[in-house]
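Architecture and fold: a report
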Amino acid sequence: MTSKAPAPTHSRQSADLLLDLCQGLWAARAVHAAVEFGIADHLADRTHTAAELAELTRTHPPSLHRLLRALVTVGVLVESGPGRFALSPVGSTLRTGVAGSLAAHVLVELGESRHRAWGELTYALRTGESSFEYAVGQTPWQLFQADPEAGRTLGRAMAGLTENILQAVLEAYDLTRFTRIVDVGGNEGDFLDAVLAAVPRATGVLFDLPYVVENARVKGHRTLAERGELIGGDFFREVPSDGDLYLLKWVLHDWGDQDCRTILGNCRKAIRADGTLLVLNVVLPEGCASHPGALSDLNMLVFGSGRERTEEEFRSLFTEAGFRLTRVIPLGARDSLLELLPA
């Protein structure tokens, strides 16, 4: 008489989903390897076999074939013919030197330091402190400042993300009434340069840490050079004054509540009485409704003291800093524009 195996308490479909979630790490590391070896750039204009790509990337052909096959499975590549590989639309976002490239973003989010930090997630959960600093020995901002190449990679990553959100911002919000636009924590000026190009009568101020502003000078944005100022400083101390539009794009989620109050308070001191502050950020739904910002919020726990917030949590911060929230404008599945006026 044969014994009968105990029936699982869950469906096979549920088990398969959980296995797929566990394999998410494998897929992410495969995408990172594809960027490291420039696979998308080699496939930009023509298809290749694994052997041809191995010669171009100086990799082991059979092993590279296994990577390429995995990238087909997760939708980054397609097999255009027997043994030949081409980019999918998703894979095209990994090309470098093109508008909207996310290659640098992959290097930042999936690079060695972030990989080590996520490996210590349980430390952050036990202590409430940054697992990045625990694993790497310094904060992300210290790393970016100490390592010029890491800082430049972050600049390219932010430029790519900006290019992917820019049109949605310009379509969702009328910027043409403003005359002096101050981009606080504006990184290397890609966003402000594009905004000034869309608002011909406005002048602009790019404000960020001095080394970031120097990187912006090297980039040499045409419109920003003609109608803008580049000012290095610290938004925890003060921000440039007398703007009628202040921008905080993907800034507040990097910081805890008290730091956000300081940043917002300095904007409140600097802004014109009739000015506007625009915040671009994830806005989480109330409760535990499914939202891609929930994973971003967990990433902020790993990264440092920051977090994603609900509308009510934002409203509380804004009120304490002397602003009133007047509108929340969704820009898609992830980000929203929050319009603030001086209270």
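See the structure shown above.
What counts, and where the lines are drawn
Residues numbered from 1 in each chain as written. Predicted model: local features only at pLDDT ≥ 70, side-chain atom pairs only at ≥ 80, totals over all residues. Heavy atoms only, no water. Salt bridge = Lys/Arg side-chain N within 4 Å of Asp/Glu carboxyl O. Helix = DSSP H or I, 4+ residues; strand = E, 2+ residues; numbered from the N terminus. Buried < 20%, exposed > 50% of the residue type's maximum accessible area, 1.4 Å probe, protein only. 1 Å grid on protein atoms, 1.4 Å probe; cavity = no way out; pocket = protein on both sides within 12 Å on 5 of 7 lines; lining within 4 Å. Points joined across faces, edges and corners; volume = space filled by probe spheres on them. Nonpolar A, V, L, I, M, F, W, Y, C, P; charged D, E, K, R; others polar. Axes fitted to C-alpha atoms, helices over the stretch in contact; angles between N-to-C directions. Parallel < 35°, antiparallel > 145°, perpendicular 65-115°, else oblique. Left-handed = near helix turned anticlockwise from the far one by under 90°. Contact = heavy atoms within 4.5 Å. Core = buried A, V, L, I, M, F, W, Y, C linked by side-chain atoms within 4.5 Å. Pairing = 2+ DSSP bridges.

Working definition: two side chains of opposite charge can pair if their charged atoms are close together. This model, assessed by the stated rule, comprises 19 salt bridges. A salt bridge links Asp244 to Arg272; the shortest N-O distance between them is 3.8 Å. Separated by 28 residues along the polypeptide, Asp244 in the loop between strand E6 (228-232) and strand E7 (245-249) and Arg272 in the loop between helix H16 (257-270) and strand E8 (276-284) bring together distant segments of the chain. Assessed through its relative accessible area of 8%, Asp244 is described here as buried. Salt-bridge contacts for Glu311 lead to Arg315; the nearest nitrogen and oxygen are separated by 2.6 Å. Taken together, the residues span about one helical turn, with Glu311 and Arg315 both in helix H18 (residues 311-320) at a distance of four residues. Connected through shared salt-bridge partners, Glu149, Arg152 and Arg156 make up one network.

Each pocket or cavity is described by its volume, and for the second largest pocket that value is around 260 Å³. Lining the second largest pocket are 15 residues; nearest its centre among them are Leu107, Val108, Gly111, Ser113 and Ala150. Elements supplying a minimum of two residues to the lining of the second largest pocket: helix H2 (24-36), helix H7 (103-110), helix H8 (112-119), helix H11 (140-146) and helix H12 (148-172). Class assignment of the residues belonging to the lining of the second largest pocket gives a composition of six nonpolar, four polar and five charged.

Relative placement of two packed helices is described by the angle separating their axes and the distance separating the axes. Where helix H4 (residues 50-57) meets helix H5 (residues 61-73), the axes come as close as 9 Å, and the angle between the chain directions of the two elements is 110 degrees. In terms of orientation, H4 and H5 fall into the roughly perpendicular class. Considering the relative orientation of H4 and H5, their crossing is right-handed. Contacts from Ala50, Leu53, Ala54 and Thr57 in H4 reach Pro61, Leu64, His65 and Leu68 in H5.

Moving on, we get to the nonpolar core. Val169, Tyr173, Leu175, Ile181, Leu245, Leu280 and Leu337 are the most contacted members of the largest nonpolar core, which totals 35 residues. The biggest single contributor to this core is H12, with seven residues. Not counting the four nearest positions on each side in its chain, Leu245 is found in contact with Leu175, Phe178, Arg180, Ile181, Val182, Thr276 and Leu278. Listed in part, the 28 residues of the second largest apolar core include Val182, Val239, Val279 and Leu340.

For the rest of this paragraph, the subject is the sheet that holds strand E3 (residues 84-87). Strand order in the open sheet formed by three strands is E1-E3-E2, and the pairing between neighbours is antiparallel. At either margin of the open sheet sits one strand with a lone partner, and together these are strand E1 (48-49) and strand E2 (77-81). By the bridge criterion, two bridges tie E1 to E3 in an arrangement that is antiparallel. In the sheet register, Thr49 faces E3, and the bridge partner there is Arg84. Seen against the sheet, H5 touches E2 and E3 and runs at an angle of roughly 105 degrees to E2.

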